[in-house]
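Examining the three-dimensional arrangement
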Amino acid sequence: MVSTTSQGRQTPAAPPASEPLAIELRGISKAFGPVQANKDINISVHKGSIHGIIGENGAGKSTLMSILYGFYKADSGTILINGKEVHITDSQAAISAGIGMVFQHFKLIENFTVLENVVLGAEDGRLLRPSLAKARKLLKKLSDEYELSVDPDALIEDLSVGHQQRVEILKALYRQADILILDEPTGVLTPAEADHLFRILQGLKEQGKTIILITHKLREIMDVTDSVSVMRRGEMTDTVKTAETSPEELAELMVGRKVLLEVNKAPATPGAPVLEVENLTVVDSHGVTRVKGIDLHVRAGEILGIAGVAGNGQTELLEVLGGYQNGTGTIRLKGEELDLTGSASDGQSRRARGIAHVPEDRHDEGLILEFSAWENIIFGYHHDPEYQKNALIMDNAKIKKIAREKMERFDTRPLNEKLEAKSFSGGNQQKIVLAREIERNPDLLLIGQPTRGVDIGAIEFIHEQIVALRDQGKAILLVSVELDEILSLSDRIAVMFDGNIMGERLPSETDERELGMLMAGINTGADAAQTGGA
Amino acid sequence: MQAMPKWADAVLIPLISILLAFFFSGLMIWAIGKDPVVAIQTMIQGAFGSTNGIGYTLYYTTNFIFTGLAIAVAYHARLFNIGGEGQVMLGGLGVALVCLAIDWPHWALALPAAMIGGAVFGAAWAFIPAYLQAKRGSHIVITTMMFNFIASAFVGYILLNYLKVPGSMSTESAGFSAGAHLPTFHEMLAPFGINFSKNAPANISFLIALLAAFGFWVLIWKTRLGYEIRSFGASETAAKYAGINPVRITIIAMMISGALCGLMAINNVMGEAERLIDNAPEGAGFIGIAVALMGRNHPIGIVLAALLFGFLYQGGAELTFWEAIPRELIVVIQGLVIMFTGALDNMVRAPLEKLFLALRKTKEA
Amino acid sequence: MDYLTILQILDSTVRLATPLLLTCLAGLFSERAGIVDIGLEGKLLAAAFMSGAVAYVTGSIWLGLLAGVAASLAFSMLHGLASITFKGDQLISGVALNFLAAGLTVVIGQSWFALGGRTPSLSGNGRFGEWNLPFSDAWSKIPVFGPTYNELISGHTALTYIAILAVPVSWWVLYRTRFGLRLRAVGENPSAVDTAGVSVVRLRYLALVIAGVLCGLAGTYLASLAAGFVKDMSAGRGYIALAALIFAKWRPWYALSATLLFGLLEAIGNRYQSIAIGDFVIPVQFMQALPYILTVVILAGFIGKAIPPRAGGTPYVKER
């Protein structure tokens, strides 16, 4: 282990004489109201290299790159492209300077064609048809050159996420970008798709393009970048050559102290099945079948981890179990059937049956951000007799007292139940949700993306709580897109792909590679015959 | 971390917005060649200078408390009900039908029955757009707007074909019987030795409006239903997760809104006109929007804003009389208030936030 | 009902549909750019007043037209200031515009002309003349075609022909030009337009400028048709146009059919106080309410689903 303090090495790796600097940021600062998102950031990227920017959620990576792309304006600092100072006042200026960006949430018009999306903003003259004709030719050339084939006349909404990402890259290339910024590009991709993306990036690099890769995944940094900058709380902590660092060192630089990358837990002692799901099918409001007749069970005292790339039916599975999505099939809780479509199919009824749910999306589902913490701590349980003064009026004084106690037990900071939920950090928001759900002593805990957008310090605490609940003999269904989390927390792992369960594995008998194949819909294991053809 | 202290958000911003609205109103009065100071004096004198003026001011205030509360209930569920006008119209029909149904022996019996009539008709009229929004996704702003026009045609038809006194020239129903006449402030205050103007239309409905405001506060901040309405308004996805039924909340919130609008009819139809006339609401349903926005959807704010608009209405009438400024001046002020408090919020907020940020920085330094 | 009666009703349909069509297209441009325009009514009314006032003072409806367009533009820009620049609520600012127009037209009108909010009557060049197309007299004797050409196709004012011409032009602008592509894009996903290096603010303001001009034409048409401004003369046409826009699913050619349909309903309602079908009498109030009822039915999705532009109703704020 290299012992590096937060001061770290301040000397960046010496630039090879042959490769000039493509990007140089000097003293960039940016504040959103009272929040300082970037503080005096300096960074240099060599031409023809892949440069990684790593940091926790909220460290300021995306803000910094959005400044480079002209999406936000910096409060102070200068930007040099190819050694010349440029004033990037808007995205148009960034595009003119040869910068392209692929945002985490794609900037595409869903009901436009690929061609229209590529052309938008970079048209050739006032009339549309000649522009489109010209773009069609160029697009064909670009797709052939970089393995980026995509149907120019397809509507975006009909494309897979991977293909939509290709359109974003093509958009940048069509604008003749020399510098390409990608913000968390693999979050929505299978490992195989991610590998394909990295091959494309290598190809672009060989053509002399400069690439900046923003990610929070250490493995990606180690695999594809030449150099890497680490950000923490809006500041740049260090820039190092990838070949000269290790994941442990980077993790420490990100957090500012040593981090345990593993969870301590005793082997599970599972009991009787608590949750049994048979032939569950979910069709969403657009008529798309999201879950395709799956079977699974969770026993008391075990954690079943559901792995998979986002959007393969995990969300809908949680929603049906949580009572706010209709499904067909059979779900039994401790042997008794749950209502899947009728009047008892809602969040209240599920909670009454002993199912607690920490939803995947804390901001849109788990919390009301404008509500104070004490109002959030009864959210979903507000009909509980414990919280009422009489038949009509709620006992707000008592709720505040209970809220404070719960927050204290979950080490929520600041310990102020009157503060609005949006004023807490991601980790503390998640603690409020966990305090609410776990303290109800449920039989089954549904938990989606427990540590998304949560700082590493809080991750350890949250993982401990989940394991502690398991050790009390509760059944836990964990959904996460982070393979590391699935591997370290689960007692059993099921992988979802395209609405099916591709296979089940024990963490001790599998690895990231095999799970990655399953996540891409490829099953080479012994159970291939049963599920592979589904 | 909040950018601004709470009091600034709750009091300072609306106050500045209203001052801006009044500044531009004054500018307009000046532009048409009148003296704004004289105008304000005339208005204050007209609205508060006599018990007659006060009686009219409070009569209008009563209307606006009802409609302001109505718009605010819906707004807590993030439903923008601009169909208040139509709901008040239907409420008027409901109140009139109750009052005309039998020869009421005493107002104390007629009033509760009329309240039910008005509330039920108003709620029913709000139910249809609410149902269409909740079940079919039809935008409630457009449907409630359409329902204003439909209400106007519908009530006009009923009035003309069923309620109009045969042979009468005017489009209005028969007058209500004496047992359905509500006590006015004159009658209510006489036992206390206060001689309140006999002609002023302010009546017992004012007290019911204040009760409604208190009920609103209890409903929104003290009951489970209010908690659910606010949750649904803040985040529909979160509400679904928590097991709050969006269809149920949309329909209930809109029906309460419609019922409050309908209740207004006890003031204008039963308390003042004592008959159903054509276009009885006179825009009160729309003023509710301005009142709710200005009152920040809080009952105390709404009562104060309603009082302000009551003053503007009565003062405006005096202005027409003495200064030959058309009544529509009030409509302009109403538009300015909606614009500044509702749509130009950020214009006031952004510089204030910067100011507070700078203040905090100097304090820290 | 004889052929001439039908022709007269159709002719009146075109007259009544003209302001609706112009206003509907105005709404189409602003809503396609992502700005829900409930303030059409106010823009229409402001234009009607200013055009009526200036046409009376100058004696020229063309100068009135300029003034009407200017007034409508001013309202449009106020809408833009609130909903684009200051990112305020589009609906609330639209509602505010309607009140401002309803009040200001009367207050200012009273101050200028002292006629209780009316403007003095327009005559001569203060109104639009009717355009008689070539051969309308010569051909009028030809059976069926002659009267149709003479009554229905010929003999409208310039603005009617401009309105009809505006339909293919709008279609062409929206679907065949760079500006149209960007306009439609900004109504669907403004952040995609922003990151493509195109100014969202500029596009949305431009859309509001177009909407302002079209509402200005419509308002002037109203003032000319009625030979002067009367208090509240837009009489809900801005809302009917909004309804027609939904009916038209935000498309130019459909907008033509929708406004003609609503114009026809109004024409029939104007001509017959009540319509008897057998023993059943349809009251006139029902005819008046029919456009609104139809719109509600459409909104409820019972006759095809109207999907509005996806970014409509929300001010563009860069997400963090």
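All residue numbers here refer to positions counted from 1 along the written sequence of the relevant chain. Chain labels run from A onward and ligand labels from 1 onward, assigned in the order the entries are written. Where local features are concerned, this predicted model is filtered to residues with pLDDT of at least 70; where side-chain atom pairs are given and counted, the filter is 80 or more; whole-chain, interface and lining totals use all residues.

1. Details of the interface of chain C and chain B
This entry defines residue contacts through backbone-placed C-beta atoms, with two residues in contact when those atoms are within 7 Å. With 39 residues of chain C in contact, the opposing surface of chain B contributes 36 residues. Elements that contribute at least two residues to the side of chain C that touches chain B include exactly helix H3 (61-85), helix H4 (90-113), helix H10 (237-247) and helix H12 (284-299) of chain C. Under the DSSP-based scheme used, a helix requires at least four consecutive residues in state H or I and a strand at least two consecutive residues in state E, with every element numbered from the N terminus. For the side of chain C that touches chain B, the leading source of residues is H4 of chain C, giving 15 residues. Note on residue categories: nonpolar means Ala, Val, Leu, Ile, Met, Phe, Trp, Tyr, Cys or Pro, charged means Asp, Glu, Lys or Arg, and polar means any other residue, Gly included. Of the residues that constitute the side of chain C that touches chain B, the class distribution is 25 nonpolar, twelve polar and two charged.

2. Brief notes about the pairing of strand E17 (residues 444-448) of chain A
In the case of a regular strand, side chains alternate between the two sheet surfaces. Residues and elements named next belong to chain A. Most of E17 sits out of view: five of its five residues are buried. Three exposure classes are used. Buried residues have 20 or more other C-beta atoms within 10 Å of their own C-beta, exposed residues have 12 or fewer, and partly exposed residues fall in between, all C-beta atoms being placed from the backbone. Residues of E17 alternate between two faces, with Leu444, Leu446 and Gly448 on one and Leu445 and Ile447 on the opposite face, all of them buried. Two strands are said to pair when DSSP picks up at least two bridges between them. Judged from the four bridges that link them, strand E16 (residues 355-358) and E17 form a sheet pairing that is parallel. In the sheet register, Ala356 faces E17, and the bridge partner there is Leu445. Summarising the sheet, E17 and strand E18 (residues 475-479) pair through five bridges and their orientation is parallel. When the sheet's bridge partners are listed, Gly448 is paired in E18 with Val479.

3. Overview of the pairing of strand E1 (residues 21-32) of chain A
All names here are of chain A. Sheet analysis places E1 next to strand E2 (residues 35-46), joined by eight bridges and oriented antiparallel. Directly across from Ile23, in E2, lies its bridge partner Val45. Where E1 folds back on E2, the antiparallel hairpin that results is connected by two residues, among which Gly33 adopts a positive phi of roughly 55°. In terms of strand pairing, E1 meets strand E4 (residues 76-81) through five bridges, oriented antiparallel. Bridged to Ser29 within E4 is Ser76.

4. Re the packing of helix H2 (residues 36-48) of chain B against helix H14 (residues 299-323) of chain B
Residue and element names in this part refer to chain B. Where H2 meets H14, the closest approach of the two axes is 8 Å, and the angle between their N-to-C directions is 115°. H2 and H14 meet at a crossing whose hand is right-handed. On H14, the residues that touch Ala39, Thr42, Met43, Ile44, Gly46 and Ala47 of H2 are Phe311, Gln314, Gly315, Gly316, Glu318, Leu319, Trp322 and Glu323. In terms of residue class, the contact of H2 with H14 is made up of seven nonpolar, five polar and two charged. Comment: axis = line fitted to C-alpha atoms, over the contacting stretch for helices; angle = value between 0 and 180 degrees taken between N-to-C directions. The crossing is said to be left-handed when, going from far helix to near helix, the turn is anticlockwise and less than a right angle, and right-handed when the turn is clockwise.

5. So, the nonpolar core
Counting residues in hydrophobic clusters, the biggest one holds 385 residues, and the most contacted among them are Leu68, Ile181 and Val495 of chain A, Leu69 and Phe309 of chain B together with Cys24 and Ala244 of chain C. Note that the domain bounds were set by an automatic or database domain assignment. Here this core spans two domains, and each of domain 1 (48-56 + 98-255) and domain 2 (273-372 + 423-531) of chain A adds at least three residues to it. In contact with Val495 of chain A, not counting residues within four places along its chain, are Ala307, Gly308, Ile501, Met502, Gly503, Leu515, Leu518 and Met519 of chain A. We call a set of buried Ala, Val, Leu, Ile, Met, Phe, Trp, Tyr and Cys residues a nonpolar core when their C-beta atoms link them within 7 Å.

6. Regarding the confidence of the model for chain B
All names here are of chain B. pLDDT expresses how confident the predictor is about each individual residue, on a scale running from 0 to 100. Here chain B averages 93 in pLDDT, while 99% of its residues score no lower than 70. By mean pLDDT, helix H16 (residues 345-364) is the weakest element of chain B at 87, and helix H8 (residues 205-222) is the strongest at 98. Here the prediction assigns the complex a pTM of 0.88, and the interface score ipTM is 0.92.

7. Re the sheet that holds strand E20 (residues 500-505) of chain A
In sheet architecture, strand pairing relies on hydrogen bonds along the backbone and comes in two forms, parallel and antiparallel. Residues and elements named next belong to chain A. In space, the six strands of this open sheet follow the order E16-E17-E18-E13-E19-E20, with mixed pairing throughout. What marks the edges here is a single partner per strand, and that holds for E16 and E20. The average undirected angle you get between the axes of adjacent strands in this sheet is 20°. Relative to E20, strand E19 (residues 492-497) runs antiparallel, the two sharing five bridges. From the neighbouring strand, Phe497 faces E20, where its bridge partner is Asn500. Docked against the sheet, helix H9 (residues 314-322) engages strand E13 (303-307), E16, E17, E18 and E19, running at close to 145° with respect to E17.

8. Remarks on the sheet that holds strand E9 (residues 227-232) of chain A
Residues and elements named next belong to chain A. Spatially, E6-E7-E8-E3-E9-E10 is the arrangement adopted by the six strands of the open sheet, whose pairing is mixed. The two strands at the open ends of the sheet, each matched to only one other strand, are strand E6 (99-102) and strand E10 (235-241). Taken over all neighbouring pairs, the strand axes of this sheet differ in orientation by 20° on average, direction set aside. Pairing between strand E7 (residues 179-183) and strand E8 (residues 210-215): five bridges, direction parallel. Looking across to E8, one finds that Ile179 is bridged to Thr210. Its contacts with the sheet place helix H5 (residues 161-174) against E6 and E7, and it is angled at close to 170° to E6. Helix H6 (residues 191-206) rests against strand E3 (50-55), E7 and E8 of the sheet, and its axis sits at about 150° to E8.

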